[in-house]
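So you can see what is in the structure, the chains are spelled out below.
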Amino acid sequence: AAVIRGRHMLVVGGFDGKRPLNDAWRLDTRSWLWERIETAATEAIPMAPRSGHAGALVGARFLQLCGWSPAEKANFGALPDVHAVDLTEEALACARLGIVGEGALADGGVARAL
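The notes below deal with the structure included here. Just so we're clear, the structure is a prediction, and the values are computed from it rather than from any experiment.

1. Some details on the sheet that holds strand β2 (residues 8-15)
And then number 1: Taken together, four strands build an open sheet; the order of strands is β1-β2-β3-β4 and the sheet is antiparallel. Either end of the sheet is taken by a strand with one partner, and the two such strands are β1 (2-5) and β4 (33-37). Each strand axis lies, on average, 25° off the axis of its neighbour in the sheet, ignoring direction.
And then number 2: With four bridges connecting them, β1 and β2 associate as antiparallel partners. When the sheet's bridge partners are listed, V3 is paired in β2 with L10.

What follows is the structure, encoded as structure tokens:
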């Protein structure tokens with residue numbers, strides 16, 4: 001999933017042809033240089049590597065929704081979670097959000113518009 005904030009594009013997760021990823025990269029659209037950035041989990045269980053997930057920028061937070069991982073045994077690999085990456089810090093803080101109620105979660109290969 002990717003979002004644009006200011007002059008940067010942030011990309012988190014994806015697929016390298018062999019497995020889902022949970023790495024984070026920032027592209028400076030002025031210099032066209034990629035920079036790998038570290039994420040700091042603010043929870044006991046960090047975000048699972050994923051592909052096919054959706055992302056949306058809400059204020060200074062990059063929300064990542066659902067996705068797919070072969071490690072997820074329930075839901076045929078679909079991940080039923082939402083994570084928020086705080087973009088205000090140099091080392092990005094990532095936290096799982098506690099979603100309440102029913103929704104269209106546990107979708108792999110999702111597309112969302114917020």
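The discussion continues.
2. Focus: the nonpolar core
And then number 1: In this structure, V3, L10, V12, A24, I37, M47, F62, V85 and L87 together form the largest nonpolar core, which totals nine residues.
And then number 2: Formed by six residues, the second largest nonpolar core is a distinct cluster that contains A54, L63, C66 and A84.

3. Focus: the side chain of D81
And then number 1: Here D81 shows up in the loop between β7 (61-65) and β8 (82-86).
And then number 2: A polar contact of 2.8 Å, which involves the side chain of D81, links it to the side chain of R50.
And then number 3: Within the structure, D81 has its side chain in polar contact with the side chain of H83 (distance 3.1 Å).

Conventions used here
- Residues numbered from 1 in each chain as written.
- Predicted model: local features only at pLDDT ≥ 70, side-chain atom pairs only at ≥ 80, totals over all residues.
- Heavy atoms only, no water.
- Pairing = 2+ DSSP bridges.
- Helix = DSSP H or I, 4+ residues; strand = E, 2+ residues; numbered from the N terminus.
- Axes fitted to C-alpha atoms, helices over the stretch in contact; angles between N-to-C directions.
- Core = buried A, V, L, I, M, F, W, Y, C linked by side-chain atoms within 4.5 Å.
- Buried < 20%, exposed > 50% of the residue type's maximum accessible area, 1.4 Å probe, protein only.
- Polar contact = N/O pair within 3.5 Å; in protein donor to acceptor, adjacent residues only side chain to side chain.

So yeah, pure geometry; function would need other evidence.
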